[in-house]
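Fold and contact review
Residue-level listing of the chains:
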Amino acid sequence: MIGKLVDHGRKTVFGHGYSCHVCLLRPKSRGTLQLHSPDPLAAPRIDPNFLADADDVRRLVRGFKVMRHILEQPALAGFRGRELATSAGARDDAAIEAFVRNHADTIYHPVGTCRMGNGPMDVVDAQLRVRGIEGLRVVDASIMPSIVGGNTNAPVIMIGEKAAEMIRQSAQAQREAVHVPAEPVPA
């Protein structure tokens, strides 16, 4: 990150500057979500398993180097301050990897914990119904079999819209089934 620091007495704050973020849109590392106990109110055991796949780390290191190269271009020279101390010392691949491992964070777009599909490990069907539990649907990003190459907001809105329509149609079909007139009785 690049920024101009301004000293205000006891506190140093950022002045004008800019920053850039490197993001893996399709990480290969996979975490787990497990029940912690039989108590339904107990928090689950979540292990995001960040950076477990060596290719994720390799791509982040490469992305960091590309980002730094872009930010060092002459076109930005008039706007640039000094690189922040937290990243400035990361110059070789090992130091950049250490920086990434110590400072990487999530963009909070987990998917796949209640994956939709036809396989034995898939949690929901194409109607978003949880297999084996009548009357329960999952309507969020967890049904995505894999993450989209961007923000999950719009796809989740569409999942919600589609689910609302499926639920409405299901309710309509149930109402019609209850009100079907009986066949006439022969005289």
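Since we're looking at a predicted model, the values are computed, not measured. (Residues numbered from 1 in each chain as written. Predicted model: local features only at pLDDT ≥ 70, side-chain atom pairs only at ≥ 80, totals over all residues. Heavy atoms only, no water.)

Turning our attention to the overall build of the protein chain. Along the backbone of the protein chain there are four helices and five strands. Element order for the protein chain, N to C, with α for helix and β for strand: β-β-β-β-α-β-α-α-α. Here the analysis covers contacts within the protein chain between residues at least 6 apart in sequence; of these, 48% occur between residues at least 24 apart. When the accessible surface of the protein chain is summed, it comes to about 13700 Å², and 59% of that surface belongs to carbon and sulfur atoms. (Helix = DSSP H or I, 4+ residues; strand = E, 2+ residues; numbered from the N terminus. Contact = heavy atoms within 4.5 Å. Areas by Shrake-Rupley, 256 points an atom, 1.4 Å probe, with all protein chains shown as cover.)

The next subject is the confidence of the model for the protein chain. Summarising the model, the protein chain shows a mean pLDDT of 87, and 88% of its residues fall at 70 or more. Of the regions scoring below 50 in pLDDT, residues 1–7 engages in 37 contacts with residues more than four places distant in sequence or in other chains. (pLDDT = per-residue confidence, 0-100.)

What follows covers helix H3 (residues 93–103). Each turn of an α-helix holds 3.6 residues, which means side chains three or four residues apart point in the same direction. Ile96, Phe99 and Val100 are the residues of H3 that are buried. Projection of H3 onto a plane perpendicular to its axis shows the buried side chains occupying an angular sector of 100 degrees, all on one side. Residues Ala94 and Asn102 are exposed on H3 and point more than 90 degrees away from its buried face. Taken together, the buried residues of H3 touch helix H1 (54–71) and helix H2 (85–88). (Buried < 20%, exposed > 50% of the residue type's maximum accessible area, 1.4 Å probe, protein only. Arc of directions from axis to C-beta.)

We now examine the side chain of threonine 152. On the secondary structure map, threonine 152 appears in the loop between H3 and helix H4 (153–178). By relative accessible area, which is 8% here, threonine 152 ends up buried. Sequence-distant contacts of threonine 152, that is, excluding residues within four places in its chain, are made with His109, Val111, Met144 and Ile147.

The subject of this paragraph is unusual backbone geometry. In terms of backbone geometry, most residues other than glycine have negative phi values and most peptide bonds are trans. With phi around 55 degrees, asparagine 49 is a residue other than glycine that occupies positive phi space. Within the fold, asparagine 49 resides in the loop between strand S4 (45–47) and H1. Its relative accessible area of 31% is what places asparagine 49 among the partly exposed residues. With phi around 60 degrees, leucine 51 is a residue other than glycine that occupies positive phi space. Turning to its location among the elements, leucine 51 is positioned in the loop between S4 and H1.

Within the element layout of this structure, serine 142 appears in the loop between H3 and H4. Among residues more than four places away in sequence, those in contact with serine 142 are Val111, Gly112, Thr113, Cys114 and Arg115.

This paragraph deals with the packing of H1 against H3. The interhelical angle for the contact between H1 and H3, taken along N-to-C directions, is 105 degrees, at an axis separation of 9 Å. Regarding the angle of H1 to H3, the classification is roughly perpendicular. Two secondary-structure elements touch here, H1 through Val57, Leu60, Val61, Phe64, Lys65 and Arg68 and H3 through Asp93, Ile96, Glu97, Phe99, Val100 and Arg101. Residues of the contact of H1 with H3, tallied by class, amount to seven nonpolar, no polar and five charged. (Axes fitted to C-alpha atoms, helices over the stretch in contact; angles between N-to-C directions. Parallel < 35°, antiparallel > 145°, perpendicular 65-115°, else oblique. Nonpolar A, V, L, I, M, F, W, Y, C, P; charged D, E, K, R; others polar.)

Turning next to the pattern of salt bridges. Two side chains carrying opposite charge are able to pair once their charged atoms lie near each other. The full count for this structure, using the stated rule, is 12 salt bridges. Residue aspartate 122 is joined to arginine 115 by a salt bridge in which the shortest nitrogen-to-oxygen separation is 2.5 Å. Residue arginine 115 is classed as partly exposed on the basis of its relative accessible area, which comes to 33%. Several salt bridges converge on common partners, so that one network encompasses Lys28, Asp55, Asp56, Arg58 and Arg59. (Salt bridge = Lys/Arg side-chain N within 4 Å of Asp/Glu carboxyl O.)

Our focus in this paragraph is H1. Counted at 1.5 Å a residue, the expected span for H1 with its 18 residues is 26 Å, and the 26 Å between its end C-alpha atoms agrees. When we look at burial in H1, the residues that qualify are Asp55, Asp56, Val57, Leu60, Val61, Gly63, Phe64, Met67, Arg68 and Leu71. Its side-chain oxygen placed 2.8 Å from the backbone nitrogen of aspartate 55, aspartate 53 serves as the N-cap of H1. (Expected span 1.5 Å × (residues − 1). Polar contact = N/O pair within 3.5 Å; in protein donor to acceptor, adjacent residues only side chain to side chain.)

This paragraph deals with the nonpolar core. Ranked by size, the top nonpolar core spans 13 residues in total, and within it Leu51, Leu60, Phe64, Ile96 and Val100 carry the most contacts. Among the elements of the structure, H1 and H3 are those that each provide at least two residues to this core. Looking at this core element by element, the count peaks at six residues for H1. With sequence-adjacent residues up to four places away left out, leucine 51 is seen in contact with Ser29, Val57, Leu60, Val100, Arg101 and Ala104. (Core = buried A, V, L, I, M, F, W, Y, C linked by side-chain atoms within 4.5 Å.)

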